[in-house]
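A closer look at the structure
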Amino acid sequence: METILKIENIEKYYGNEGNVTKALDDVSFQVKEGEFIGIMGASGSGKTTLLNCISTIDTVSAGHIFLDGTDVTEIGEKDIARFRRENLGFIFQEFNLLDTLTVRENIALALTINRTAAKEVDRKVEQMAGKLNIADILDKFPYQVSGGQKQRCACARAMVNRPKLILADEPTGALDSHSAQMLLDTIRNMNTSLSATILMVTHDAFTASYAQRILFLQDGRIFTEILRGKDSRRQFFGKILDVMTMLGGDLADVR
Ligand code: ADP
């Protein structure tokens, strides 16, 4: 498998002279196409900063981030929004569906902004909706569909233009355990059936156990990484808890 994301020695400082926080301290790692990777760490360990730097919402203080060979740290202000739309898919904690748009229009949003031809938009939306099992609710509004269908709508929106990377920030953070499991099953399906490359930030061991590999951040540095390999999800969950205990702090307390 090809490497799709290459993080090279990134550093991020906040503040100014005399009052500097080092949020990321020489972080390097690579993600291969089709991988499902989790990022864990206690509150304040740098997870959000890392995600924001990869998604070009924030800029690095040093180092480079390559997405499919393009150095995202070099992209100019005027090209950033377009780069994000064309290359990245986002799954937010609150799903951020627009209530005044139908499910179809919500999914089509990125394509409409990209000025894709109407016929092509319909084809892509219907294809993705079919794959995520929401083809029959495309003309309903978000308030007319179930929580699980809303989740799948948000996933379809993230996937519809086949981005190179899907970024998920605490996707299960606002969900009860049943809804969380449904969403994680959908995300896993996006990875296994639709070959999406996924990078997911979470502090929750159950959520993280759906990933194939997990990087643990501590004080802005990579503390360790673990691979699921042939482990069952339950076995992997146990290993995640072990690392969390080793790391200590508030990450261990969520048990
Ligand atoms: P996490 O997502 O793991 O909780 P963050 O990436 O939010 O961690 O934060 C990493 C560190 O950077 C923390 O010490 C935090 O206080 C600091 N930090 C994050 N954002 C800012 C900011 N905008 N200004 C100053 N410090 C920040």
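Reading the values: rules and limits
- Residues numbered from 1 in each chain as written.
- Predicted model: local features only at pLDDT ≥ 70, side-chain atom pairs only at ≥ 80, totals over all residues.
- Heavy atoms only, no water.
- 1 Å grid on protein atoms, 1.4 Å probe; cavity = no way out; pocket = protein on both sides within 12 Å on 5 of 7 lines; lining within 4 Å.
- Points joined across faces, edges and corners; volume = space filled by probe spheres on them.
- Helix = DSSP H or I, 4+ residues; strand = E, 2+ residues; numbered from the N terminus.
- Nonpolar A, V, L, I, M, F, W, Y, C, P; charged D, E, K, R; others polar.
- pLDDT = per-residue confidence, 0-100.
- Pairing = 2+ DSSP bridges.
- Phe/Tyr/Trp six-rings, centres within 6.5 Å; stacked < 30°, edge-to-face > 60°.
- Buried < 20%, exposed > 50% of the residue type's maximum accessible area, 1.4 Å probe, protein only.

Right, let's get into the layout of surface pockets. Over the atoms, a rolling probe the size of a water molecule traces out where space has been left empty. Approximately 340 Å³ is the volume found for the largest pocket. Lining of the largest pocket is provided by 14 residues; of these, Arg-85, Phe-90, Phe-92, Ala-110 and Arg-157 occupy positions nearest its centre. Every element with two or more residues in the lining of the largest pocket is listed here: helix 2 (77–87), strand 6 (88–91), helix 3 (103–113) and helix 5 (147–159). Of the volumes computed, that of the second largest pocket is approximately 190 Å³. If you trace the second largest pocket, you find 13 residues lining it, with Thr-56, Asp-58, Thr-59, Val-72 and Ile-80 closest to the centre. Residues that form the lining of the second largest pocket fall into these classes: seven nonpolar, four polar and two charged.

When pLDDT is averaged along the protein chain, the result is 92, and 97% of the positions lie at 70 or above. For the protein chain, per-element mean pLDDT is lowest for helix 9 (residues 249–253), which scores 57, and highest for strand 4 (residues 62–67), which scores 98.

So, about the pairing of strand 4. Pairing between strand 1 (residues 3–16) and strand 4: five bridges, direction antiparallel. Along strand 4, the bridge assignment pairs Leu-5 with Leu-67. Here two bridges tie strand 4 to strand 5 (residues 70–71), and the two strands are oriented antiparallel to one another. Paired with Phe-66 across the bridge in strand 5 is Asp-71.

What follows concerns the packing of aromatic side chains. Evaluation of the coordinates by the stated rule reveals three aromatic pairs. Seen from their ring centres, Phe-90 and Phe-92 are 5.9 Å apart, and the 10° between their planes marks the pair as stacked. Note on Phe-92: relative accessible area 36%, which makes it partly exposed. Geometrically, the ring pair formed by Phe-206 and Tyr-210 is edge-to-face, given 5.6 Å between the ring centres and 75° between the ring planes. Here Phe-206 falls in the partly exposed class, since its relative accessible area comes to 24%.

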